[in-house]
Amino acid sequence: MPLSPLNPALAATFAPPVMEARRWLEGVSFPPERPLLNVSQAAPVDPPPEGLRRAIAEAALDNPAAHLYGPVLGMAELRAEIAAQWSTAYGGTISESQVAITQGCNQAFCAVMATLAGPGDEVLLPTPWYFNHKMWCDMASVRAVPLPTGAGLLPDPEEAAARITPRTRAIVLISPNNPGGAEYPAALVRAFHDLARSRGLALIVDETYRDFDSRTGAPHDLFTDPDWDEAFIHLYSFSKAYRLTGHRVGAIVASPARLAEVEKFLDTVAICPNQLGQIGALWGMRNLAQWVAGERAELLARRAALTEGFGALEGWHLHGCGAYFAWVDHPGHDASPDFARRLVREAGVLLLPGTMFMPEGTVQGDRGLRIAFANVDTAGIAELIRRLATVAP
């Protein structure tokens, strides 16, 4: 008897883009004098600092509870630490009851979306969008409404207002942005918040890359509102700042009522977050402030090197650059997927085409490329620029 057909909502979304791009490497050799430059995925290439690794190792050996189920919404100590540090950083008041820990920020997004939208509902996503956000909407039968961006890859609240319908449930922002690198001005974030609140919507702000923002001080003032949790939902990841990608630790900051619904989702999907990862994240928050500041300084140096390098590249156009990412237009005659495959063969460079972050048939997708420049140091960025210059249009 044949198997039941695939879930049409799941089958309708695209394959994981990073995995698809990795398949382009099959059958391609990279000589020692020109090794592969992989700028396709935003992931630290080094392990966490030794002190953090020791904290995890000691917990694994000496703390029996670290191997058992923990609270569904995460360790109380980590939730309290986030509440305290975020209250100071943003100049607001956040309580432990407004914080939940998740298995990475992707799960945080999925859990929040599960509380907001169901089949037939709509969510506004600025384009280019983060592909996993789009994929989850597809799988949940939620319509991702593209919100075009303008100069500097910044979305316009008036454009968003024109796209709101009775089925709209949320607006999603990422700042610093993935995939474009844009840092959203505080006034722009506030404008989106005011729009969302006036229309009875949620504003979700994913701040996975906030530790590498080039600006000083709070990136927005939303937490200063006494009733911030009525419309605002904040997402965060420990993967980048503390190199904990494999341990999967993220966070949601939202109203206790919202988190009560999130708890249902998390209990069903994962039961509880990774205990050892949470222990590592807590140790990092308490001990690695100076180290993270050094990581930020290094990322800002790489950003400057990339910006300078593209300024000298003929035919290329840099639209956005910040945190881990840059978004560029290529000078080739091919659409971006074909041009990206050519870069693998002709330049030994793996990056992602803009079509992976855009609705089908858009010029912005066909011309665009995303570069995860955080994966290479300044010398690697210079080599990247040199190789791109050798590729014919």
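Note that the structure is a prediction, hence the values are computed from the model and not measured.

### Brief notes about the sheet that holds strand E2 (residues 99–102)
Taken in spatial order, the seven strands of this open sheet run E2-E8-E7-E6-E5-E3-E4, and their pairing is mixed. Only two strands of the sheet have a single neighbouring strand rather than two, namely E2 and strand E4 (143–148). Direction aside, the axes of adjacent strands within the sheet are offset by 25° on average. Each of E2, strand E3 (122–127), strand E5 (168–174), strand E6 (202–206), strand E7 (232–237) and strand E8 (250–253) is contacted by helix H5 (residues 105–116), which is oriented at about 160° to E7, the strand it contacts most.

### A short note on the domain arrangement of the protein chain
If you check the domain split of the protein chain, you get domain 1 (8–47 + 291–389) and domain 2 (50–287). Contacts between domain 1 and domain 2 engage 35 residues on the former and 34 residues on the latter. Summed over both partners, the interface of domain 1 with domain 2 buries about 2900 Å², with 66% contributed by carbon and sulfur atoms. Inspection of the domain 1/domain 2 interface yields two salt bridges. The residue Arg243 makes a salt bridge to Glu295 at a minimum N-O spacing of 3.1 Å. Linking domain 1 with domain 2 are 11 residue pairs in polar contact (both at pLDDT 80 or more). If you list the elements that add at least two residues to the side of domain 1 that touches domain 2, you get helix H1 (8–12), helix H2 (17–23), helix H11 (289–311), strand E9 (317–322) and strand E10 (325–329). Sorting elements by how many residues they give to the side of domain 1 that touches domain 2 places H11 first, with seven residues. Taken together, the residues of the side of domain 1 that touches domain 2 break down into 25 nonpolar, five polar and five charged.

### Some points on the sheet that holds strand E13 (residues 368–371)
Spatially, E9-E10-E13-E12 is the arrangement adopted by the four strands of the open sheet, whose pairing is antiparallel. Pairing within the sheet leaves two strands with one partner each, and these edge strands are E9 and strand E12 (352–353). Where E10 lies against E13, four bridges are found, and the strand directions are antiparallel. In the strand pairing of E13, Ala326 is matched with Ile371.

### Quick look at the environment of Ala182
Mapped onto the elements, Ala182 comes out in the loop between E5 and helix H8 (186–198). Apart from the residues lying within four places of it in its own chain, the contact partners of Ala182 are Gly152, Leu153, Leu154, Ser175, Pro176 and Asn177.

### Examining the UniProt feature "domain: Aminotransferase class I/classII large" (unreviewed entry) in the protein chain
UniProt feature "domain: Aminotransferase class I/classII large" (unreviewed entry): in the numbering of this structure it lies at residues 38–388. Between the first and last C-alpha atoms of residues 38–388 the distance is 13 Å; the span itself is 42% helix and 17% strand.

### Digging into the packing of H5 against helix H6 (residues 131–139)
At a minimum axis distance of 10 Å, the contact between H5 and H6 shows a crossing angle of 35°. In terms of crossing hand, the pair formed by H5 and H6 is right-handed. Touching Asn106, Phe109, Cys110 and Met113 of H5 are Asn132, His133 and Trp136, all from H6. Across the contact of H5 with H6, the residue classes break down as four nonpolar, three polar and no charged.

### Overview of the nonpolar core
Counting 96 residues, the largest nonpolar core has Leu78, Ile82, Phe238 and Tyr242 as the members making the most contacts within it. If you count residues domain by domain, this core takes at least three from each of domain 1 (8–47 + 291–389) and domain 2 (50–287). Apart from residues no more than four positions distant in its own chain, Leu78 is found in contact with Ile101, Phe238, Val249, Gln278, Ala281, Leu282 and Met285. With 30 residues, the next largest nonpolar core counts Cys105, Ala144, Ile252 and Val262 among its residues.

### Observations regarding the pattern of salt bridges
In total, this model carries 24 salt bridges according to the counting rule given. Across the salt bridge formed by Glu159 and Arg163, the nearest N and O atoms sit 2.7 Å from each other. With Glu159 and Arg163 both in helix H7 (residues 157–163) and four residues apart, this pair spans about one turn of that helix. Each of Glu183, Asp213, Arg215 and Arg303 takes part in one network of salt bridges that share partners.

### A closer look at the packing of helix H4 (residues 76–90) against helix H10 (residues 275–287)
Where H4 meets H10, the closest approach of the two axes is 10 Å, and the angle between their N-to-C directions is 30°. Considered as vectors, H4 and H10 are oriented roughly parallel to each other. Pair H4 / H10 crosses with left-handed handedness. Between H4 and H10, the residues in contact are Glu77, Leu78, Glu81, Ile82, Gln85 and Trp86 and Gln278, Ala281, Leu282, Met285 and Arg286, respectively. For the contact of H4 with H10, the per-class residue count stands at six nonpolar, two polar and three charged.

How each quantity is defined
- Residues numbered from 1 in each chain as written.
- Predicted model: local features only at pLDDT ≥ 70, side-chain atom pairs only at ≥ 80, totals over all residues.
- Heavy atoms only, no water.
- Pairing = 2+ DSSP bridges.
- Helix = DSSP H or I, 4+ residues; strand = E, 2+ residues; numbered from the N terminus.
- Axes fitted to C-alpha atoms, helices over the stretch in contact; angles between N-to-C directions.
- Contact = heavy atoms within 4.5 Å.
- Domains from an automatic or database assignment.
- Buried area = accessible area lost by both parts, 1.4 Å probe.
- Salt bridge = Lys/Arg side-chain N within 4 Å of Asp/Glu carboxyl O.
- Polar contact = N/O pair within 3.5 Å; in protein donor to acceptor, adjacent residues only side chain to side chain.
- Nonpolar A, V, L, I, M, F, W, Y, C, P; charged D, E, K, R; others polar.
- UniProt positions renumbered as here; feature names shortened; annotations may be inferred.
- Left-handed = near helix turned anticlockwise from the far one by under 90°.
- Core = buried A, V, L, I, M, F, W, Y, C linked by side-chain atoms within 4.5 Å.
- Buried < 20%, exposed > 50% of the residue type's maximum accessible area, 1.4 Å probe, protein only.
- Parallel < 35°, antiparallel > 145°, perpendicular 65-115°, else oblique.

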